[in-house]
Number of protein chains: 2
Amino acid sequence: MIKSHINNLQSKGFRITSARSAIINLLESTPHPITANSIHKLLKKVGTDVNITTVYREIEFLLSQKIINKIQLFDTELHYEMADRTHHHHIVCTDCKAIEDLKIDSEKDLLDEVCSDTRYKISTHSLTFYGVCPACK
Amino acid sequence: MIKSHINNLQSKGFRITSARSAIINLLESTPHPITANSIHKLLKKVGTDVNITTVYREIEFLLSQKIINKIQLFDTELHYEMADRTHHHHIVCTDCKAIEDLKIDSEKDLLDEVCSDTRYKISTHSLTFYGVCPACK
DNA sequence: GTATTAATGCAACTTACTTGCATTATAATC
DNA sequence: GATTATAATGCAAGTAAGTTGCATTAATAC
Ligand SMILES: [Mn+2]
Ligand SMILES: [Mn+2]
Ligand SMILES: [Zn+2]
Ligand SMILES: [Zn+2]
């Protein structure tokens, strides 16, 4: 039996507030990265009307616990998604701004090439595609 | 004989100001993307003490003329580099913040895969590696 | 040299996010 | 269930990067 994030946090001694569980639930049920502002608005819709500062602070906390990942797109706002999903990247519609997950098979070759070509100790990478989605074409 | 950016802009009827030519010269001689703030400081050092607003406006102009590219790294500030360099990506040292160009041969396979896997009309992509550079290891 | 208007400087504004501090609420202990 | 310690919260103020309005300056055409 796998432990939920909430149970995990609780057993680590962190308090389970309504904001905390609502944000985790929201991100778990959202299949694409979302911004602090969207989190704030969506929480309000669900009846968890928490201050935007609390949203930012909770994001900081969930990042520190490695429960979520920060995603920098070609946008003014940062996006966040659950960290326990399998490694993937994103494709963004420049028209309707939709963000979709993207699994890339040939990625390994790329990483191998960069690792052998540079003298860097590579820790992460970011790969995002931009274009027009089927609906907007 | 190939026309310089300055000559090109002049023949298109744009004025050649000291800020304009200094920024083009600076970006041409900088082998990595730099921020508006760095441009501002470096211009001052060279004796072209222009207002930061002018730097931002000149960046807008050079972007609109497709003379420079905007680069979004995992950072609070945007970076810019000359657009006439051959297609490449970047590797960033998470320690000393150095940014280096990165040419990737296996990139074509990646693009082909994404093009055939998605129904998107892809226009651009962004690919950046993060790690520790040889000097910082 | 004069005229036209692109480019500039400065101040004020905006947006995304952060910080300080007084208050509230979670959860452990009694 | 009440008491307590302190994590989490709300609100106001602050910050940093970038933008905008407007009066002034300067590049180029004539
Ligand atoms: Mn995703
Ligand atoms: Mn480059
Ligand atoms: Zn779309
Ligand atoms: Zn380094």
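Residues numbered from 1 in each chain as written. Chains lettered and ligands numbered in written order. Predicted model: local features only at pLDDT ≥ 70, side-chain atom pairs only at ≥ 80, totals over all residues. Heavy atoms only, no water.

The name recorded for chain A in an unreviewed UniProt entry is Transcriptional repressor. Under Sequence similarities (unreviewed entry), UniProt gives the following word-for-word description of chain A: "Belongs to the Fur family." (UniProt positions renumbered as here; feature names shortened; annotations may be inferred.)

### Quick look at the packing of aromatic side chains
Residue and element names in this part refer to chain A. Under the defined criterion, the tally for this structure stands at four aromatic pairs over all chains. Here the aromatic rings of Phe14 and Phe61 are separated by 4.9 Å at their centres, their planes lie at 75°, and the arrangement is edge-to-face. Placement of Phe14 in the loop between helix H1 (5-11) and helix H2 (18-28) and of Phe61 in helix H4 (residues 52-64) is noted, with a sequence separation of 47 residues between them. For Phe14, a relative accessible area of 30% gives the class partly exposed. Looking at Phe61, the relative accessible area reads 13%, which means it is buried. (Phe/Tyr/Trp six-rings, centres within 6.5 Å; stacked < 30°, edge-to-face > 60°. Helix = DSSP H or I, 4+ residues; strand = E, 2+ residues; numbered from the N terminus. Buried < 20%, exposed > 50% of the residue type's maximum accessible area, 1.4 Å probe, protein only.)

### As for the coordination of the zinc ion (ligand 3)
Residue and element names in this part refer to chain A. Taken together, the protein ligands of the zinc ion (ligand 3) are Cys93 (SG), Cys96 (SG), Cys133 (SG) and Cys136 (SG), with distances of 2.2 to 2.5 Å. Coordination at the zinc ion (ligand 3) is tetrahedral: its four donor atoms span angles of 100 to 116° at the metal. In primary-sequence terms, the residues that donate to the zinc ion (ligand 3) follow C-x2-C-x36-C-x2-C. You can see Cys96 sitting in the loop between strand S4 (89-93) and strand S5 (99-102) and its partner Cys133 sitting in the segment after strand S6 (121-132), a full 37 residues away along the chain. Judged by its relative accessible area of 40%, Cys96 falls in the partly exposed class. (Donors = N, O, S within 2.8 Å, 3.2 Å for Na, K, Ca; no water. Tetrahedral: all angles 85-135°; square planar, octahedral: opposite > 155°, others 65-115°.)

### Re the protein's contact with DNA strand D
Taken together, 19 residues lie around DNA strand D, and Arg20, Thr54 and Arg57 of chain A together with Ile16 and Tyr56 of chain B are the ones closest in. When atoms of DNA strand D within 4 Å of the protein are split into backbone and base, the sugar-phosphate part holds 59%. Separating a base oxygen of DNA strand D from a side-chain N or O atom of Arg15 of chain A is a distance of 2.8 Å. Between a phosphate oxygen of DNA strand D and a side-chain N or O atom of Tyr56 of chain B, the distance comes to 2.8 Å. Tallying contributions element by element places H4 of chain A first for the surface near DNA strand D, with four residues. Its residues assigned to classes, the surface near DNA strand D shows five nonpolar, seven polar and seven charged. (Near = heavy atom within 4 Å. Polar contact = N/O pair within 3.5 Å; in protein donor to acceptor, adjacent residues only side chain to side chain. Nonpolar A, V, L, I, M, F, W, Y, C, P; charged D, E, K, R; others polar.)

### Comments concerning H4 of chain A
Residue and element names in this part refer to chain A. The end-to-end C-alpha distance of H4, which contains 13 residues, comes to 18 Å, matching closely the 18 Å that a straight helix rising 1.5 Å per residue would cover. By the burial criterion, the buried members of H4 are Val55, Glu58, Ile59, Phe61, Leu62 and Leu63. Where H4 is buried, its residues touch H1, H2, helix H3 (36-45), strand S2 (68-71) and strand S3 (79-82). Looking at where H4 begins, the residue whose side-chain oxygen comes 2.9 Å from the main-chain nitrogen of Thr53 is Asn51. Of the residues one or two after H4, Lys66 is the one with positive phi, at around 60°. (Expected span 1.5 Å × (residues − 1). Contact = heavy atoms within 4.5 Å.)

### Re the protein's contact with DNA strand C
Neighbouring DNA strand C are 19 residues, the closest being Arg15 and Ile16 of chain A together with Arg20, Thr54 and Arg57 of chain B. Among atoms of DNA strand C positioned within 4 Å of the protein, sugar and phosphate together represent 60%. Within the backbone of Ile16 of chain A, an N or O atom sits 2.5 Å from a phosphate oxygen of DNA strand C. Those elements giving two or more residues to the surface near DNA strand C turn out to be H4 of chain A together with helix H2 (18-28) and helix H4 (52-64) of chain B. If one sorts the elements of the surface near DNA strand C by residue count, H4 of chain B sits on top with four residues. Broken down by class, the residue content of the surface near DNA strand C amounts to five nonpolar, seven polar and seven charged.

### Examining the interface of chain A and chain B
Of the residues lining the interface, 39 residues belong to chain A; the matching set on chain B comes to 39 residues. Together, the buried faces of chain A and chain B total about 3,300 Å²; carbon and sulfur atoms form 63% of this surface. Between the two partners, chain A and chain B, sit 20 residue pairs in polar contact (both at pLDDT 80 or more). Of all elements in the fold, only S4, S5, helix H5 (107-117) and S6 of chain A reach the threshold of two or more residues within the side of chain A that touches chain B. Per element, the largest residue contribution to the side of chain A that touches chain B is twelve residues, and it comes from S6 of chain A. Grouping the amino acids of the side of chain A that touches chain B by side-chain chemistry returns 19 nonpolar, nine polar and eleven charged. In this structure, S6 of chain A lies alongside strand S6 (residues 121-132) of chain B, joined through eleven bridges in antiparallel fashion. (Buried area = accessible area lost by both parts, 1.4 Å probe. Pairing = 2+ DSSP bridges.)

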